[in-house]
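# Structural overview for review
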Amino acid sequence: EEAVSRMAPKDVSNAGRELFKVINKTYSNLDWQGKIIRGLEGDFEVHPPYKEDNVMGKTEDAVARIRKVVKKFHMDLAKKTEAVVSTQSTGKLGKIKIYVAQAV
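Residues numbered from 1 in each chain as written. Predicted model: local features only at pLDDT ≥ 70, side-chain atom pairs only at ≥ 80, totals over all residues. Heavy atoms only, no water.

## Looking at the confidence of the model for the protein
We apply this condition: You can read pLDDT as the predictor saying how much it trusts each residue, on a scale of 0 to 100. Should any heavy atoms of two residues lie within 4.5 Å, those residues are considered in contact.
Summing up the model confidence of the protein, the mean pLDDT is 81 and the portion of residues at 70 or higher is 73%. Ignoring residues within four places in sequence, the model shows residues 95-104, a span with pLDDT below 50, making 9 contacts including any to other chains.

## Some thoughts on the side chain of His74
Stated formally: Numbering of helices and strands runs from the N terminus, with a helix taken as a DSSP run of H or I at least four residues long and a strand as a DSSP run of E at least two residues long. Buried residues are those whose accessible area, probed at 1.4 Å on protein chains only, stays under 20% of the maximum for their type, while exposed residues exceed 50% and partly exposed ones sit between those limits.
Along the chain, His74 falls in helix 3 (residues 60-90). Accessibility expressed as a relative area gives 16% for His74, which makes it buried. For His74, the contacting residues outside a window of four places in its chain are Tyr50 and Lys51.

## A few points about the packing of aromatic side chains
Heads up, the rule is: Centre distance within 6.5 Å is the pairing criterion for rings of Phe, Tyr and Trp, where only the six-membered ring of Trp is used; planes under 30 degrees apart are then read as stacked, over 60 as edge-to-face, and the remainder as tilted.
Tallying each qualifying case throughout the model produces 3 aromatic pairs. Look at Phe20 and Trp32: their rings are 4.9 Å apart centre to centre, the planes differ by 10 degrees, and that puts the pair in the stacked class. Of this pair, Phe20 sits in helix 2 (residues 14-26) while Trp32 sits in strand 1 (residues 30-33), and the two are 12 residues apart along the sequence. Phe20 gets classed as buried once you look at its relative accessible area, which sits at 1%. With relative accessibility at 8%, the residue Trp32 sits in the buried group. Through a chain of ring-to-ring contacts, three or more aromatic side chains come together here, namely Phe20, Trp32 and Tyr50.

## Describing unusual backbone geometry
For the peptide bond that leads from Pro48 to Pro49, omega is 10 degrees, which places it in the cis range. Mapping Pro49 onto the fold places it in the loop between strand 3 (44-46) and strand 4 (55-57). Although it is not a glycine, Tyr50 adopts a positive phi angle of roughly 65 degrees. Looking at where Tyr50 falls in the secondary structure, it is placed in the loop between strand 3 and strand 4. The buried category is assigned to Tyr50, whose relative accessible area is 3%.

## A closer look at the pattern of salt bridges
Note the threshold: Note on definitions: salt bridges are taken to be side-chain nitrogens of Lys or Arg within 4 Å of carboxyl oxygens of Asp or Glu.
One pass over the structure, following the stated rule, counts 3 salt bridges. Residue Asp11 pairs with Lys35 through a salt bridge whose shortest N-O separation is 3.6 Å. Taken as a pair, Asp11 in the loop between helix 1 (2-7) and helix 2 and Lys35 in the loop between strand 1 and strand 2 (36-39) lie far apart in primary sequence, 24 residues in all. Judged by its relative accessible area of 53%, Asp11 falls in the exposed class. On the basis of relative accessible area, Lys35 is assigned to the partly exposed category, the value being 36%. For Lys72, the salt bridge is made with Asp76, and the minimal N-O distance between the two is 2.7 Å. Placement of both Lys72 and Asp76 in helix 3 is noted, with a separation of 4 residues, approximately one turn of the helix.

Encoded structure:
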């Protein structure tokens, strides 16, 4: 995990770094080309801001597969962010349990 973070350019967003880690779990042949997450076999690239529409590549299968990963990553990230915001605004811990249960 540390090696993945070290390889990322310093000006890449935290979301970009985290997405790299998530993609790297299923696609180990991965690298950074500047701010672009790139499959080393040239199958796909994910450009900033690292959304589903920013996935490009040579093969439809690879692009579709990575788009699913990116979509799920952003859905999970939104749920985590929503849980934190709810807790900060209400001061109640009960809402965290609700969102964690939904994420599982």
